[in-house]
Amino acid sequence: MTSSLSPPEVPNELYVINREKLIKSLRGHLSSSSRPHQGFVFLQGGEEQSRYCTDHDDLFRQESYFAYLFGVKEPGFYGAIDVATGDSMLFAPRLPDSYAVWLGKIKPLSYFKEKYRVNKVFYTDEIVHVLLDLYKEKGNPLLFLLHGLNTDSNKLSKPADFQRECRRRLDLFSPLLLVKSAAAALRSSSPSSDWRRWFEEIAAAVQIVQRTIAMPGVEVEDPTREQESPDCSPTRCCPCFSAATSFRHCRTVPPRRRSRTAATFSYLPN
């Protein structure tokens, strides 16, 4: 298969799987410490940012962990998952009527429920009331917030910010739970296979460009082009995944093998 280098569409069912895996991991963590399966995983999505003092909005990018669990593309959302039942809910911003004048029709809550495949959708100004109503135990809801150090940026993740009524009883959970859940979903979820193949082909294409710049005049085989070669059968190329074999012996590896080879080995001239 020849890649167009365009990312495949992400099915919303993948976010459902991601939430299920997170709750399974969190319940295992609670059981190991003899704690009850109750409370809510509570995350805040990204906020729209303007350019300095102007009214120009920068291109919105969703907060990564929030995007992983809910797939929400709009800013200003919150999300929660009931640890006891596994039910998920979104909290959408209540937009003013003037929004429709400039940005089009204001979508109803039912639109977001169907689009993002969650159990319930409320407005953000209802967060305290909803969580208090759904929490079956005495006292304020037990909340699991995103918190921890991002070792790539050396910055701390930002816990959700909300009304003080729900801040008295908190339990912080580390992004490591999300990372473990993401890794499990990537390995076992069939909807992610197209994305994995796309990542591999992008990595191969990037290395082609890098090697071409580093070694001017050296012809490098295009990893996205499928060819047949009598001296490079799939059987002979299989050892290339673990052996330190130069790229000239694997120029015509079939597409899925090509990507792994391109991302693993150096491209050497004949």
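Everything below is about the structure shown above.
Notes on the structure follow. (Residues numbered from 1 in each chain as written. Predicted model: local features only at pLDDT ≥ 70, side-chain atom pairs only at ≥ 80, totals over all residues. Heavy atoms only, no water.)

### Overview of the pairing of strand S3 (residues 88-92)
Phase 1: Most of S3 sits inside the fold, with five of its five residues counted as buried.
Phase 2: Here S3 shows no split at all, with Ser 88, Leu 90 and Ala 92 on one side and Met 89 and Phe 91 on the other all buried.
Phase 3: Counting the residues in the hairpin turn of strand S2 (residues 78-82) and S3 gives five residues, including Gly 86, whose phi is positive at 85°.
Phase 4: Judged from the four bridges that link them, S3 and strand S4 (residues 120-123) form a sheet pairing that is parallel. When the sheet's bridge partners are listed, Phe 91 is paired in S4 with Phe 122. (Buried < 20%, exposed > 50% of the residue type's maximum accessible area, 1.4 Å probe, protein only. Helix = DSSP H or I, 4+ residues; strand = E, 2+ residues; numbered from the N terminus. Pairing = 2+ DSSP bridges.)

### Concerning the pattern of salt bridges
Phase 1: Under the counting rule described, the total for this entry stands at three salt bridges.
Phase 2: The closest approach of N and O atoms between Glu 74 and Lys 115, which form a salt bridge, is 3.5 Å. Separated by 41 residues along the polypeptide, Glu 74 in the loop between helix H2 (64-70) and S2 and Lys 115 in helix H4 (residues 109-116) bring together distant segments of the chain.
Phase 3: Taking the shortest distance from any N to any O, the salt bridge between Arg 94 and Asp 125 comes out at 2.8 Å. Of the two residues, Arg 94 is situated in the loop between S3 and helix H3 (98-103) and Asp 125 in the loop between S4 and helix H5 (127-134); the sequence distance between them amounts to 31 residues.
Phase 4: Taking relative accessible area as the criterion, Arg 94 reaches 47% and is therefore assigned partly exposed.
Phase 5: A relative accessible area of 46% places Asp 125 in the partly exposed class. (Salt bridge = Lys/Arg side-chain N within 4 Å of Asp/Glu carboxyl O.)

### A few points about the nonpolar core
Phase 1: Counting 37 residues, the largest nonpolar core has Val 41, Phe 42, Phe 70, Leu 90 and Phe 91 as the members making the most contacts within it.
Phase 2: With near-sequence residues (within four places) excluded, Leu 90 lies in contact with Phe 66, Phe 70, Val 72, Phe 77, Tyr 78, Gly 79, Tyr 116, Val 118, Lys 120, Val 121 and Phe 122. (Core = buried A, V, L, I, M, F, W, Y, C linked by side-chain atoms within 4.5 Å. Contact = heavy atoms within 4.5 Å.)

### Details of helix H1 (residues 13-32)
Note on helix geometry: an α-helix contains 3.6 residues per turn, so any two residues three or four positions apart are oriented the same way.
Phase 1: When the terminal C-alpha atoms of H1 are compared, their 29 Å separation across 20 residues agrees well with the 28 Å that a helix rising 1.5 Å per residue should span.
Phase 2: Listing the buried residues of H1 in full gives Leu 14, Tyr 15, Asn 18, Arg 19, Leu 22, Ile 23, Leu 26 and Leu 30.
Phase 3: Where H1 terminates, the next one or two residues include Ser 34, which has phi positive at roughly 55°. (Expected span 1.5 Å × (residues − 1).)

Function-wise, these values are silent; they only describe arrangement.
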